[in-house]
Amino acid sequence: DALGDVIAEVRQHAAWALGNIGAEIAIDPLTNVLQDTNSQVRASGVLALGDIGTIASINSLTKALQDSDSQVRANAVLGLSRFESETVINPLTEALQDSAPHVRAIAARSVGRFDTELLADALIAVLQDSDSQVRASVAWALGDIGSETAVNSLINTLQDSNPIVRERAVWALGKIDNSDSAINPLINTLLDPDSNVRWRASLVLGDIAPELMITQL
């Protein structure tokens, strides 16, 4: 039994192999891998469960969100994000509060795949995250959802200290219907010190307010 081998690398490759096979019969042995003492083996087991992609693996992936290793948790989020089922929304939303920034960032992008305003409040709460990668991912997710609830919060994010976050906020505002209140703040963003932010603002304004954009040229 390669999954029980004394060498961690052998166990890790065995987990990968089961994931590549993609058979549902592999879920039970891969679930047992989540108890392995080696975090890299556990991380590989979680990826394999995500690759198999059947509803039966959701419970195991959800449990992996409590793992002590952040990469295992990140892989669990990636695995859960592959499902269209609303069953994964709650665990993905809880992952927005993970202690590791890269896990929170992945969770934000994953939550954004679900086109529902019900998730907007959970994302808005993380828009003030201490990590810029997380804030950028949240802004992107709010744009994916097209959340009208998030317009004011995204307008405030145009003042973020990180240019990538500001650029993502501009993009998100351009994806949201009925965001007329953002037009003047976006016009101000044409004076942003970062060229990528200015470029994005010009594109967005060209789409949502072309006549006003002409007066700015």
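Note that this is a predicted model, so its numbers are computed, not measured.

For the rest of this paragraph, the subject is a nonpolar patch on the surface. A cluster of nonpolar residues, V6, I7 and V10, forms a patch on the protein surface that exposes about 280 Å² of accessible area. A residue is classified by how much of its surface remains accessible, and V10, at 31% relative accessible area, is partly exposed.

Another point: a negative patch on the surface. A cluster of acidic residues, D115, E117, D121, D144, E148 and D177, forms a negative patch on the protein surface. With respect to the secondary-structure elements, E148 resides in the loop between α9 (132–145) and α10 (151–157).

Our focus in this paragraph is helix α1 (residues 8–21). Across its 14 residues, α1 extends 20 Å between first and last C-alpha, which sits within 8% of the 20 Å expected from 1.5 Å per residue. All of the buried residues along α1 are R11, Q12, A14, A15, L18 and G19. Buried residues along α1 cover an arc of 160° about the axis, so they all sit on one side. Those residues of α1 that are exposed and aimed more than 90 degrees away from the buried face are E9, N20 and I21. Positive backbone phi, approximately 75°, marks G22, located one or two places after α1.

This part is about the side chain of D98. The residue D98 is located in the loop between α6 (89–94) and α7 (101–111) in this model. Judged by its relative accessible area of 12%, D98 falls in the buried class. Apart from residues no more than four positions distant in its own chain, D98 is found in contact with L65, R73, V103 and R104.

If you want to describe how two helices pack, look at the angle between their axes and the distance between the axes. Interhelical geometry of helix α5 (residues 70–80) versus α7 gives an angle of 5° and a closest axis separation of 9 Å. One finds that α5 runs roughly parallel with respect to α7. On α7, the residues touching S70, Q71, R73, A74, V77 and L78 of α5 are H102, V103, I106, A107 and S110. Its residues assigned to classes, the contact of α5 with α7 comprises 6 nonpolar, 4 polar and 1 charged.

Taking 1.5 Å of rise per residue, the 14 residues of α9 would be expected to cover 20 Å, and the 20 Å separating its terminal C-alpha atoms lies within 8% of that figure. Every buried residue of α9 is listed here: V134, R135, A136, S137, V138, A139, A141, L142, G143 and I145. Tucked into the core, α9 has its buried residues touching α7, α8 (120–124), α10 and α11 (163–175). Taking the backbone nitrogen of Q133 as reference, a side-chain oxygen 2.9 Å away marks D131 as the first, capping residue of α9. The first or second residue beyond α9 is G146, which carries a positive phi of 75°.

Scoring rules and cut-offs
Residues numbered from 1 in each chain as written. Predicted model: local features only at pLDDT ≥ 70, side-chain atom pairs only at ≥ 80, totals over all residues. Heavy atoms only, no water. Patch = residues over 30% accessible without salt bridge, like charges linked within 9 Å, V, L, I, M, F, W, Y side chains within 5 Å. Areas by Shrake-Rupley, 256 points an atom, 1.4 Å probe, with all protein chains shown as cover. Salt bridge = Lys/Arg side-chain N within 4 Å of Asp/Glu carboxyl O. Buried < 20%, exposed > 50% of the residue type's maximum accessible area, 1.4 Å probe, protein only. Lys, Arg positive; Asp, Glu negative; His and termini not counted. Charge placed at Lys NZ, Arg CZ, Asp CG, Glu CD. Helix = DSSP H or I, 4+ residues; strand = E, 2+ residues; numbered from the N terminus. Expected span 1.5 Å × (residues − 1). Arc of directions from axis to C-beta. Contact = heavy atoms within 4.5 Å. Axes fitted to C-alpha atoms, helices over the stretch in contact; angles between N-to-C directions. Parallel < 35°, antiparallel > 145°, perpendicular 65-115°, else oblique. Nonpolar A, V, L, I, M, F, W, Y, C, P; charged D, E, K, R; others polar. Polar contact = N/O pair within 3.5 Å; in protein donor to acceptor, adjacent residues only side chain to side chain.

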